[in-house]
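Descriptive structure summary
So the chains spell out like this:
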Amino acid sequence: MDNINKNNLKLVVVGHVDHGKSTLIGRLLFDTDSLPSDRVEEIKKSSKKLGRKTEFAFIMDHFQEEREQGITIDISQTSFQTKKREYIIIDAPGHVEFIKNMITGASQAEVAILIVDMNEGIKEQTRRHAKILSLLGIKNIIVVFNKMDLIKFEESIFNKIKDEIQKLLKDLDINAKYFTPISALNGDNVVKKSNNMDWYKGATVLEGLELIENDMLDEGNDIIAVVQDIYKTDQERIVVCKIEKGELTVGQKIKILPENKITKIKSINVFNEIRKKAYSGESIGITTSDPLFLERGNIICDSKMDFNVTNEFKANIFWLSKNSLKKNENITIRCATQEIATEIIKINKRINSSSLELIEKNGNTIENLEVGEVIIKTKNPIVIEKFNKSDELGRFVIVKNNIISAGGIVV
Ligand code: GDP
């Protein structure tokens, strides 16, 4: 699973074909000086040959070419850097793959840019992509209105299409953070403020990105450790756990979930080394000052923190298995190291992951490659969190007949 760290933000650009995704990405890379100079020269030359301005979409085409030839750059590694952090641009292949990757955690965008061509307005794929963003619960969304140059930077046209988009987003329960008029080709309002749109006082695309805070991180003494195993010796019980986020210190007051018991860390041991502190990513053994009964699947957090402990929650799942899922059948959910017997008590919606069309409401099954908006009921309490708040506790897999059959996110 992807490790979210403070210094990078994962970004995806979506929108109708030809609305300017590649050009915008190329522009972001170019204007943040993230491209090697020989590549820039090459692109300038080939654009000139074609009698055009520097085509920033070429930058992305070159990456694509290299990828196809298996040469240097994997597009999922395309990134640009600012003083604040690194932005990693995630490739958005077809809908099915994108939804699958996002739900299963193969790649996880924290920010999405939805791009609309001002000359064309909202198109079929604009609607579909907006729908995907809503299904995936991506919280940080920037809408960019591209090709402003083609409509002579007219504020009234921008306002008209912005109203239409806002209506579409409202219907999908999406709150976009910024609505930015740009010309990706010329670089207006991408990294540099445009001189052609004095009427626009808001953020450029990059300024908008820089202002986005990563919810998953900035929560003070936010820690999560998941219990993997317990070793008993004659004198004590050693709790083996992995710190997913934050750090643990000897003497720290901790909470054990789902039981909600409070205790203190008595000792920390990392590979036979006695420690005062342990950090994110480390697998450690701890003992607690109270003889609590901990077991695999328990979640440890700071005593001041709170997570949802529940028997019932709403989720979006992506069904990977060829065998269908039936309502109320016995399945198991794995979330962090929790493994809990479960059933789906309601299938609110069945959605075709390719067309995103609604197949049925209140269904009884979910078939291969379908997305389901479901209500899950667990036998025992489970510790979960909304997926856009916690990667560890917001994402799960469904196991049916010992086979991983679906990925899911808590919404
Ligand atoms: P994608 O399919 O969404 O990746 O779109 P591209 O980035 O390949 O762009 C499609 C076409 O639109 C290309 O010919 C671009 O040069 C052109 N284009 C992109 N952005 C702008 C813009 O801001 N103004 C104008 N006039 N053309 C643009």
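Up top you'll find the structure we're talking about.
First things first, this report covers the structure right here in the doc.

Our next topic: the environment of Arg128. Along the polypeptide, Arg128 turns up in helix 5 (residues 124-136). Taking the C-alpha atoms as reference points, Arg128 and Asp234, 106 residues apart in sequence, are found 60 Å from one another.

Here the focus is the pairing of strand 23 (residues 395-400). With five of its six residues buried, strand 23 lies for the most part within the structure. Where strand 18 (residues 331-335) lies against strand 23, three bridges are found, and the strand directions are antiparallel. The partner of Ile333 across the bridge, within strand 23, is Ile398. Here six bridges tie strand 23 to strand 24 (residues 403-410), and the two strands are oriented antiparallel to one another. The residue of strand 24 that forms the bridge with Lys400 is Ile403. In this structure, the hairpin formed by strand 23 and strand 24 is closed by a connection of two residues, where Asn401 is found at a positive phi of approximately 50°.

Once that is clear, we can look at the packing of aromatic side chains. The final tally for this structure, using the stated rule, is six aromatic pairs. Considering the side-chain rings of Phe158 and Trp199, the 5.3 Å spacing of their centres and the 40° angle between planes classify their relative orientation as tilted. Taken together, the positions of Phe158 in helix 6 (residues 155-171) and Trp199 in the loop between strand 6 (178-181) and helix 7 (205-211) put the pair 41 residues apart, joining distant regions of the chain. With a relative accessible area of 4%, Phe158 lands in the buried category. Given a relative accessible area of 23%, Trp199 falls into the partly exposed group. Among the aromatic residues, those joined into a ring-pair cluster are Phe145, Phe158, Phe179, Trp199 and Tyr200.

About the cut-offs
- Residues numbered from 1 in each chain as written.
- Predicted model: local features only at pLDDT ≥ 70, side-chain atom pairs only at ≥ 80, totals over all residues.
- Heavy atoms only, no water.
- Helix = DSSP H or I, 4+ residues; strand = E, 2+ residues; numbered from the N terminus.
- Buried < 20%, exposed > 50% of the residue type's maximum accessible area, 1.4 Å probe, protein only.
- Pairing = 2+ DSSP bridges.
- Phe/Tyr/Trp six-rings, centres within 6.5 Å; stacked < 30°, edge-to-face > 60°.

Remember, this is a structural readout, not a statement about activity or role.
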